[in-house]
Amino acid sequence: MKFIKLVLVGSLLAMLVSCSGGGEEKQSSAEAGKSAEGEGMTMTADMTAAVTGTVHFKGEAPPQKPLQQDRECRGLHDQQFFIQDAVVNNNGTLKWVFVYVKSGLGDKKFAPPSEPVEFDQHGCRYEPHVFGIQTGQTLKILNSDPLLHNIHALPNKNRPFNFGMPNKGDIREQSFKVPEVMVRIKCDVHPWMGAYCGVLDHPYFSVTGDDGTFSIDNLPPGEYVIEAWHEKYGTMTQTVTVGDNETKVADFTYGQPAS
Ligand SMILES: [Cu+2]
């Protein structure tokens, strides 16, 4: 009798845990589905304007500092990682710059994509270090490491979240409700782990990689303020006017001494 009681209590607890855990995920995907089917959404497929460019870094590149990890994390991989807060590529361009349409879209509405944005914890680093996501889009958080990480998001406008992911293969889903550039994400177990997420209510953003270029495609024609954001070197903006079937180049240059 006592055993049965324990089993009952146990399964009740398990149900409670799974309900509260799964409820959040259901709610966010339901919200995404609702806005995807909503009326008045502007489609992006037939829009033909584009803004592309390169983010240059002028002057001496900062030295690449090796990332110091603890013994447990070093044991997960045989690579030498470097701190990612100021990465100048071999071609003199700047990596991890979030470039996006800051204004100019008016009241056009854009449904979030149904595909999630994947965000991994791998070798005790976040991958990717900088990324963009649309409001209502699913952020699929993975843990590829066989140890405990926690995902601690520190937004100012969105609801913060903070939970542990103890096992390899763990998956959690989150989403953001309102635009916010940028949301910092950190791990409290491993203080060197940090990432930045740009939340927008439209799909017009890009992050520079190893060649320092960015591309913002499928824009409606118009005049836009394009902002480049870098975690260490700050923001720069410029205004660009693009017509149908037109691609404008908007380059940015960081690292210039103040004039
Ligand atoms: Cu961690």
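Calculation criteria
- Residues numbered from 1 in each chain as written.
- Predicted model: local features only at pLDDT ≥ 70, side-chain atom pairs only at ≥ 80, totals over all residues.
- Heavy atoms only, no water.
- Helix = DSSP H or I, 4+ residues; strand = E, 2+ residues; numbered from the N terminus.
- Pairing = 2+ DSSP bridges.
- Axes fitted to C-alpha atoms, helices over the stretch in contact; angles between N-to-C directions.
- Contact = heavy atoms within 4.5 Å.
- Polar contact = N/O pair within 3.5 Å; in protein donor to acceptor, adjacent residues only side chain to side chain.
- Core = buried A, V, L, I, M, F, W, Y, C linked by side-chain atoms within 4.5 Å.
- Buried < 20%, exposed > 50% of the residue type's maximum accessible area, 1.4 Å probe, protein only.
- Salt bridge = Lys/Arg side-chain N within 4 Å of Asp/Glu carboxyl O.

Peer 1: Explanation requested: unusual backbone geometry in the structure shown.
Peer 2: The phi angle of most residues is negative, glycine excepted, and most peptide bonds adopt the trans form. With an omega dihedral of -5°, the bond running from Glu 127 to Pro 128 counts as a cis peptide bond. Its location among the elements puts Pro 128 in the loop between strand E4 (125-127) and strand E5 (130-134). The linkage connecting Val 181 with the following residue, Met 182, adopts the cis geometry, with an omega of 0°. Looking at the element boundaries, Met 182 is found in strand E10 (residues 180-186). One non-glycine residue, Cys 124, lies in positive phi territory at about 60°. The topology assignment puts Cys 124 in the loop between strand E3 (117-122) and E4. Of note, Asn 218 is a non-glycine position whose phi angle comes to about 55°, a positive value.

Peer 1: Looking at this model, I keep getting lost on the sheet that holds E5. Mind explaining?
Peer 2: Two orientations exist for strands paired in a sheet by backbone hydrogen bonds: parallel and antiparallel. The sheet built from 5 strands is open, its strands ordered E5-E11-E10-E7-E8 with mixed pairing. At either end of the open sheet lies a strand with only one pairing partner, and these are E5 and strand E8 (161-165). Strand after strand, the sheet turns through a mean of 25° between neighbouring axes, direction not considered. As paired strands, strand E7 (residues 149-154) and E8 are joined by 5 bridges and run antiparallel to one another. Considered in E8, the bridge of His 152 is made with Asn 162.

Peer 1: Looking at this structure, I do not really get the environment of Glu 227. What am I missing?
Peer 2: As for its placement among the helices and strands, Glu 227 is situated in strand E14 (residues 222-230). When the C-alpha positions of Glu 227 and Thr 237 are compared, they lie 4.3 Å apart, and in sequence the two are 10 residues distant. When neighbours within four sequence positions are excluded, Glu 227 is seen to be in contact with Phe 98, Val 99, Tyr 100, Lys 102, Thr 235, Met 236 and Thr 237. Only 2.6 Å separates the side chain of Glu 227 from the side chain of Tyr 100, close enough to count as a polar contact.

Peer 1: Looking at this structure, I do not really get the nonpolar core. What am I missing?
Peer 2: A general feature of soluble globular proteins is that nonpolar side chains tend to end up buried together. Counting 24 residues, the largest nonpolar core has Val 51, Val 55, Val 99, Val 101, Tyr 204, Leu 219 and Ile 226 as the members making the most contacts within it. Broken down by secondary-structure element, the contributors of at least two residues to this core are strand E1 (49-57), strand E2 (98-103), strand E13 (213-219), E14, strand E15 (234-242) and strand E17 (252-254). Examining the composition of this core, we find that 4 residues originate from one element, E1, more than from any other. Every residue in contact with Ile 226, bar those within four places of it in the chain, is listed here: Val 51, Val 99, Tyr 100, Val 101, Met 236, Thr 237, Gln 238, Val 240 and Phe 252.

Peer 1: Would you mind going over the environment of Thr 52 with me for this structure?
Peer 2: Along the chain, Thr 52 falls in strand E1. On a C-alpha basis, the gap between Thr 52 and Asp 217 in space is 8.0 Å, while along the polypeptide they are 165 residues apart. Those residues in contact with Thr 52 that sit more than four places away from it in its chain are Phe 214, Ser 215, Thr 247, Lys 248, Val 249 and Ala 250.

Peer 1: Mind showing me how you'd approach the side chain of Gln 84 here?
Peer 2: In this fold, Gln 84 is placed in the loop between helix H2 (71-74) and E2. Apart from residues no more than four positions distant in its own chain, Gln 84 is found in contact with Trp 96, Arg 125, His 129 and Glu 231.

Peer 1: Can you help me understand the pattern of salt bridges in this one?
Peer 2: For side chains bearing opposite charge, pairing can occur when the charged atoms are close. For the structure on display, the rule yields 5 salt bridges. The shortest N-O distance in the salt bridge between Lys 102 and Glu 227 comes to 3.0 Å. Within this pair, whereas Lys 102 is found in strand E2, its partner Glu 227 is found in strand E14, the two being separated by 125 residues in sequence. Judged by its relative accessible area of 48%, Lys 102 falls in the partly exposed class. Overall, Glu 227 belongs to the buried group, its relative accessible area being 6%. Put simply, Glu 118 and Lys 140 hold a salt bridge, and the shortest N to O gap is 3.8 Å. On the criterion of sequence distance, the pair formed by Glu 118 in strand E3 and Lys 140 in strand E6 (residues 139-143) is long-range, its members being 22 residues apart.

Peer 1: I tried to follow the sheet that holds strand E12 (residues 205-207) on my own but got confused; where do I start?
Peer 2: One open sheet holds the 4 strands; their spatial order is E12-E2-E14-E15, and the pairing between them is antiparallel. Edge positions in the sheet fall to E12 and E15, since each has one partner strand and no second. Averaged over neighbouring strand pairs, the angle between their axes works out to 25° when direction is ignored. Alignment of E2 against E14, held across 5 bridges, turns out to be antiparallel. Its bridge partner lying in E14, Ser 103 is registered against Val 225.

Remember, this is a structural readout, not a statement about activity or role.
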